[in-house]
Amino acid sequence: MSAASTARPQGARDHARAQAGAKVEAMPTLPATAATELPPGVAAETVIWDETIAAGGYASRQFGRGARLRLTDLKGDACASLLIFNAERPVERLNIADTLKVQWNGYLGAGRLLLSDMGRVLMSLLEDTAGTHDGFCGASNQASNARKYGDGCNHGAHPNARDRLLLGAAKFGLGRKDVHPCVNLFKGVRIEADGSTTPLVGPFAPGRQVTLRAEMDVIVVIANCPHVLDPRTEYSVTPLRATAWRGPVTAPDDPVRNATPEGLRAFLNVEDYYLR
Amino acid sequence: MTDQAPPLPGPILLDEVVPARAPSMRVVKRGQTLRIVDLEGNQAVDFLIYNAHDDAERYSSQDTIAAQCNLYLRAGSVLRSNEGAPMMTLIGTSVAYHDTIGGACSCESNTLRYGHHTKGQHACVENFLLANAAEGRGKRDMVPNVNWFMNVPVEADGTLGIVDGISAPGLYVDLRAEMDVTVVVSNCPQINNPCNGFDPTPVRMLIAG
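Student: I tried to follow the overall build of chain B on my own but got confused; where do I start?
Tutor: Helices and strands together make up the secondary structure of chain B, namely 3 helices and 10 strands. Listed by position from the N terminus, the elements making up chain B come as β-β-β-β-α-β-β-α-α-β-β-β-β. Taking 209 residues into account, the globule formula puts the C-alpha radius of gyration at 17 Å, and chain B, at 16 Å, falls close to it.

Below, the structure written as structure tokens:
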């Protein structure tokens, strides 16, 4: 680029345009239908999002009811912190207390539902090859990262998950009051008999995956920052791949829908909501 | 009624009985102590905290759990905000531990847990929404709360649930405000699980300092 002078607009334009086409590890695939490494049976033309989210990065995206979202821990050290909103009325959002209480269990995995504060299923977990997730400990914040890494500012080298979630929410017009308690995927916390928390942060084998199904039209915000209880003194996190494709709305005979009486009523509440 | 509790520090600024099933909203200034007394035993008291000067900063169960590396609230626990700041400190209690993972009952979650016949029953979220509405807060201000005097054990396989309480008549919890806070209480009206012994009863709140 040494030939291009940026002293005047035309030169600056040429300089800017010459940057296009660069490839970096963390970037979106456009068009999304050019995504590779799709699951068997998923046609490229149904792909609606494919992006590698940087270590310390974030993304936010809207999905239609029935969409599948597959998250891949590419190198074994990702931590996907998720916020979920009802896209048409974001005042309805993930309620982690109801999610755990209604399902009578504190751990997340295949078959579990992510419930809203309105008694409905926002998303369900269809597949899970990771097994270590966390609904108890939430997001790191600027102060907690500063204590651990010396700095926790969003513009610094150790961005915190709360600021990342706030930014992802802000892109949909949402603000501080909308950043609700999150779920952490790929990093787990085991609860001991006395209530103490044991972090299960790996690093793990590369390629672990979680596939979620949107049961409503949703906005999903994802931050990929070290787990708040990660004991390592280094800011340790690796990129996360997000791939989504269109899929059918959950059928009446779906096994996840019918697995428990509480869950079935949550699906009935969703189906009732969409009667209009 | 508070025979089992130590004397409160400083003059008593508030002494109220919150009726069964009712909300209450009070300001506790930095340094003041709020005492809640379980008058008749095993009465869950759902509890939210807001920064009195900036209510987008509010109690966060997740930040509280992560900072103390434990699910349960015991003497010494620091109740933290969504931005990690100490809001109140649990300076004393005659109950072994309290809950902050069970959240608040709502008409909607009641339909999941017990069936759609419970949709019309009173619930803590109704108390929180109505109390908060007086100060312009709404549904976005609802977050998972503290449940004083409520017992939610977690078993080795993750199984958890609201079970019979470990509180008793006259047991108390004392909270020192670390910033000026607005506290919102729902004296839980739930009758479908054991959190209130299937019989909601009054509680007493005192503020001193």
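Student: Even after reading the chapter, I still don't get the overall build of chain A, so can you show me in this structure?
Tutor: Within chain A, the regular secondary structure consists of 5 helices and 13 strands. The C-alpha extent of chain A, read off along each of the three principal axes, is 70 × 45 × 35 Å. Counting only residues that meet the buried cut, chain A has 52% of its 276 residues in that class. The long-range fraction of contacts in chain A, counting pairs at least 24 apart against all pairs at least 6 apart in sequence, stands at 71%.

Student: What should I look at first to understand the sheet that holds strand 4 (residues 45-51) of chain B in this one?
Tutor: Each strand in a sheet pairs with another by means of backbone hydrogen bonds, the pair being arranged parallel or else antiparallel. All names here are of chain B. With antiparallel pairing, the 4 strands of this open sheet are ordered in space as 2-9-4-7. Where the open sheet ends on each side, the last strands, each with one partner, are strand 2 (23-28) and strand 7 (146-148). Across the sheet, the axes of successive neighbouring strands diverge by a mean angle of 30°, strand direction being ignored. Bridge analysis of strand 4 against strand 7 gives 3 bridges, and the strand direction is antiparallel. What sits directly across from Asp46, in strand 7, is Asn147. Helix 3 (residues 124-133) rests against strand 2, strand 4 and strand 9 (181-187) of the sheet, and its axis sits at about 145° to strand 9.

Student: Explain the nonpolar core here, please?
Tutor: Nonpolar side chains in soluble globular proteins generally cluster together in the buried interior. Residues and elements named next belong to chain A. In terms of nonpolar packing, the biggest core is built from 125 residues, with Leu82, Leu83, Ile84, Leu165, Val218 and Ile222 touching the most fellow members. Sort the elements by how many residues they give to this core and strand 12 (residues 218-224) lands first, with 6 residues. Once you skip the residues sitting within four places of it in the chain, Leu82 turns out to touch Cys182, Val183, Leu185, Val220, Val221 and Ile222.

Student: I tried to follow the interface of chain B and chain A on my own but got confused; where do I start?
Tutor: Think of interface size as the accessible area that goes away when the parts come together; that is how it is often given. Between chain B and chain A, the contact holds 34 residues from the first and 37 residues from the second. Of all the elements in the fold, those that place two or more residues in the side of chain B that touches chain A are helix 1 (61-68) and helix 2 (107-113) of chain B.

Student: Looking at this model, I keep getting lost on the sheet that holds strand 5 (residues 113-115) of chain A. Mind explaining?
Tutor: All names here are of chain A. Strand order in the open sheet formed by 6 strands is 1-13-3-11-6-5, and the pairing between neighbours is antiparallel. Two strands bound the open sheet, and with one partner strand each, they are strand 1 (47-53) and strand 5. Neighbour-to-neighbour, the strand axes of the sheet open up by a mean angle of 20°, direction not taken into account. Of the pairings in the sheet, the one linking strand 3 (residues 68-73) to strand 11 (residues 208-214) comprises 6 bridges and is antiparallel in character. Note on strand 11: the bridge partner recorded for Leu71 is Val210.

Student: So what exactly am I meant to see when it comes to helix 1 of chain B here?
Tutor: Given 3.6 residues per helical turn, the α-helix brings residues three or four places apart onto the same face. Extensive coverage of helix 1 of chain B is indicated by the burial of 7 of its 8 residues. Buried within helix 1 of chain B are the following residues: Ser61, Gln62, Asp63, Thr64, Ile65, Ala66 and Ala67 of chain B. Packed against the buried residues of helix 1 of chain B are strand 10 (197-200) of chain A together with strand 5 (78-80) of chain B. Where helix 1 of chain B terminates, the next one or two residues include Cys69 of chain B, which has phi positive at roughly 55°.

Student: Before we go on, may I ask you to explain the environment of Lys119 of chain B in this structure?
Tutor: Residue and element names in this part refer to chain B. Along the chain, the position of Lys119 falls in the loop between helix 2 and helix 3. Overall, the presence of 14 C-beta atoms within 10 Å leaves Lys119 in the partly exposed class. Sequence separation between Lys119 and Val154 is 35 residues; the distance between their C-alpha atoms is 27 Å. Setting aside residues no more than four positions away along its own chain, Lys119 makes contact with Cys107, Asn110 and Thr111.

Student: Hey, could you run me through unusual backbone geometry in this one?
Tutor: It is generally the case that most residues other than glycine have a negative phi and that most peptide bonds are trans. For the bond running from Leu30 of chain A to Pro31 of chain A, omega is -10°, close enough to zero to count as cis. Mapped onto the fold, Pro31 of chain A is located in the loop between helix 1 (9-17) and strand 1. A cis amide bond links Gly202 of chain A to the next residue, Pro203 of chain A, at an omega of 10°. Along the polypeptide, Pro203 of chain A turns up in the loop between strand 10 and strand 11. Non-glycine residue Phe198 of chain B carries a positive phi angle of around 60°.

Student: Quick question: what am I supposed to make of the confidence of the model for chain B here?
Tutor: Keep in mind that low pLDDT regions are not for reading the predicted coordinates in detail. Taken residue by residue, chain B gives an average pLDDT of 96. The fraction at 70 or more is 98%. Listed scores for the predicted complex are pTM 0.97 and ipTM 0.96.

Student: Would you mind showing me how to read helix 3 of chain B here?
Tutor: Residue and element names in this part refer to chain B. Here helix 3 has its buried residues at Cys124, Val125, Asn127, Phe128 and Asn132. For helix 3, the angular spread of the buried residues around the axis is 155°, confining them to a single face. Buried residues in helix 3 make contact with strand 2, strand 4 and strand 9.

Student: What's the story with the pairing of strand 10 (residues 203-208) of chain B in this structure? I'm lost.
Tutor: Every other side chain in a regular strand lies on the same face of the sheet, so the side chains alternate between the two faces. Residue and element names in this part refer to chain B. Residues Val203, Met205 and Ile207 line the buried face of strand 10, whereas the alternating positions Arg204, Leu206 and Ala208 sit on a face that is not buried. Across 6 bridges, the pairing between strand 1 (residues 12-18) and strand 10 is antiparallel. Paired with Val18 across the strands is Val203, a residue of strand 10.

Student: Help me understand the pairing of strand 12 of chain A, please; the structure alone is not making it clear to me.
Tutor: All names here are of chain A. The element strand 12 is extensively covered by neighbouring structure, given that 7 of its 7 residues are classed as buried. Neither face of strand 12 is open: one carries Val218, Val220, Ile222 and Asn224, the other Ile219, Val221 and Ala223, and all of them are buried. With 6 bridges connecting them, strand 2 (residues 58-63) and strand 12 associate as antiparallel partners. Note that in strand 12 the partner of Arg61 across the bridge is Val220. As paired elements, strand 4 (residues 80-86) and strand 12 share 7 bridges and run antiparallel to each other. Within strand 12, the position partnered with Leu83 by the bridge is Val221.

Student: Looking at this structure, I do not really get the environment of Met150 of chain B. What am I missing?
Tutor: Residue and element names in this part refer to chain B. Relative to the elements of secondary structure, Met150 occurs in the loop between strand 7 and strand 8 (171-177). In this structure the C-alpha to C-alpha distance between Met150 and Tyr72, which are 78 residues apart in sequence, comes to 11 Å. Ignoring any residue separated from it by four or fewer positions in sequence, one finds Met150 in contact with Ala44, His98, Asp99, Gly102, Ile162, Gly165 and Cys195.

Reading the values: the criteria
Residues numbered from 1 in each chain as written. Chains lettered and ligands numbered in written order. Predicted model: local features only at pLDDT ≥ 70, side-chain atom pairs only at ≥ 80, totals over all residues. Helix = DSSP H or I, 4+ residues; strand = E, 2+ residues; numbered from the N terminus. Rg over C-alpha atoms; globule rule 2.2 N^0.38 Å. Buried ≥ 20, exposed ≤ 12 C-beta atoms within 10 Å, placed from the backbone. Contact = placed C-beta atoms within 7 Å. Pairing = 2+ DSSP bridges. Axes fitted to C-alpha atoms, helices over the stretch in contact; angles between N-to-C directions. Core = buried A, V, L, I, M, F, W, Y, C linked by C-beta atoms within 7 Å. pLDDT = per-residue confidence, 0-100. Arc of directions from axis to C-beta.

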